[in-house]
Amino acid sequence: MRSSKSRSRNKSGRNRSVGNIVNRVFDSSGPEGKVRGTPQQIIDKYNQLARDAQLGNDRVAAENFQQHAEHYLRLLGTAQKEQDARREQQEKENRERQAERDRERAKRQEREANGGGGDLSEAPQPDLLEPESDTDSGLVETPETQQSDKPKRPRKPRAKKPPKDDRAIGDDDAQRSDDKPDAPEAAE
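What comes next is a walk through the structure. (Residues numbered from 1 in each chain as written. Predicted model: local features only at pLDDT ≥ 70, side-chain atom pairs only at ≥ 80, totals over all residues. Heavy atoms only, no water.)

A tally of regular secondary structure across the protein gives 4 helices and 2 strands. Mapped from its N terminus to its C terminus, the protein presents α and β elements in the order α-β-β-α-α-α. If you take every contact in the protein between residues at least 6 apart in sequence, the share linking residues at least 24 apart comes to 39%. Accessible surface, the protein: about 18,500 Å² in total, of which carbon and sulfur atoms supply 47%. (Helix = DSSP H or I, 4+ residues; strand = E, 2+ residues; numbered from the N terminus. Contact = heavy atoms within 4.5 Å. Areas by Shrake-Rupley, 256 points an atom, 1.4 Å probe, with all protein chains shown as cover.)

Right under this line is the structure:
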């Protein structure tokens, strides 16, 4: 048998951040069985059941359905308030970012108007230094850029290989092939 401590330990201290409750599907166990749907659908269903019970002169059932509807109404209201608060926070951050971008753009335009960063072709250009042959340019010498003192030797052409015969020639075959000519001679 399981102890009740392990079961209660799992549920206690649980911080339920369930995300988007507005579109989440719930299973509600009400007095007339299960009702399934989003919080708004469950609220509508319990309100309809409360009206039906009221028309049937069952005040206790009507009150019970209204309490179930009120529970989901509060749940939905809390979720919508949290969504609105998050949306306002994001809009505030977006406004602050946009204001910062606008300030940076204004500073940039002001610098350009004062001649600080306008057309660089009109700005004074630095003089080019003539490279001296004795000084190190700071570049790394690679084999391609180094000039060799000795001239390159031309390569020898490859030696031609004798043609290969497709079939393997054994000792007996070699003797027989010497006895017979390769091609028939033409009669004279």
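Glancing now at the pairing of strand E1 (residues 26-30). Because side chains alternate across E1, one face comprises the buried residues Phe-26, Ser-28 and Gly-30, and the other comprises Asp-27 and Ser-29, none of which is buried. As judged from the 5 bridges shared by E1 and strand E2 (residues 33-37), these two strands associate in the antiparallel manner. The residue bridging Gly-30 from the neighbouring strand is Gly-33, located in E2. Linking E1 to E2, which pair antiparallel, is a turn of 2 residues. (Buried < 20%, exposed > 50% of the residue type's maximum accessible area, 1.4 Å probe, protein only. Pairing = 2+ DSSP bridges.)

What follows is about the side chain of Ser-28. Within the element layout of this structure, Ser-28 appears in strand E1. A relative accessible area of 3% means that Ser-28 is categorised as buried. At 2.6 Å, the side chain of Ser-28 and the side chain of Tyr-46 are in polar contact. The residues touching Ser-28, leaving out its near neighbours within four places in the chain, are Gly-33, Lys-34, Val-35, Ile-42, Tyr-46, His-68 and Tyr-72. (Polar contact = N/O pair within 3.5 Å; in protein donor to acceptor, adjacent residues only side chain to side chain.)

Below, the discussion takes up the environment of Val-35. With respect to the element layout, Val-35 can be found in strand E2. A relative accessible area of 10% means that Val-35 is categorised as buried. Expressed as a C-alpha distance, the spacing of Val-35 and Lys-45, which sit 10 residues apart in the sequence, is 7.7 Å.

A few words on the packing of aromatic side chains. Working definition: an aromatic ring pair is given by the centre-to-centre distance plus the angle between the planes. In this structure the tally under the stated criterion is 3 aromatic pairs. Relative to Phe-65, the ring of Tyr-46 has its centre 6.2 Å away and its plane inclined at 25 degrees; by these criteria the two rings are stacked. On the criterion of sequence distance, the pair formed by Tyr-46 in helix H2 (residues 39-55) and Phe-65 in helix H3 (residues 59-113) is long-range, its members being 19 residues apart. For Phe-65, a relative accessible area of 3% corresponds to the buried category. One aromatic cluster in this structure is built from Phe-26, Tyr-46, Phe-65 and Tyr-72. (Phe/Tyr/Trp six-rings, centres within 6.5 Å; stacked < 30°, edge-to-face > 60°.)

Let's shift gears to the pattern of salt bridges. Under the criterion given, the structure shown has 6 salt bridges. Put simply, Arg-87 and Asp-84 hold a salt bridge, and the shortest N to O gap is 2.9 Å. With Arg-87 and Asp-84 both in helix H3, this residue pair falls 3 residues apart, about one helical turn. Given a relative accessible area of 37%, Asp-84 falls into the partly exposed group. Among the ionic pairs, Asp-102 bridges to Arg-105, the shortest N-O distance being 3.1 Å. Placement of the pair is Asp-102 and Arg-105 together in helix H3, with a separation of 3 residues, close to one helical turn. (Salt bridge = Lys/Arg side-chain N within 4 Å of Asp/Glu carboxyl O.)

So, about H2. For H2, spanning 17 residues, the distance from its first C-alpha to its last is 24 Å, which sits close to the expected 24 Å at 1.5 Å a residue. When we look at burial in H2, the residues that qualify are Pro-39, Ile-42, Ile-43, Tyr-46, Leu-49, Ala-50 and Ala-53. With its buried residues spanning 130 degrees around the axis, H2 presents them on a single face. Against E1, E2 and H3 lie the buried residues of H2. Remark: Asn-57 follows H2 within two positions and exhibits a positive phi of approximately 60 degrees. (Expected span 1.5 Å × (residues − 1). Arc of directions from axis to C-beta.)

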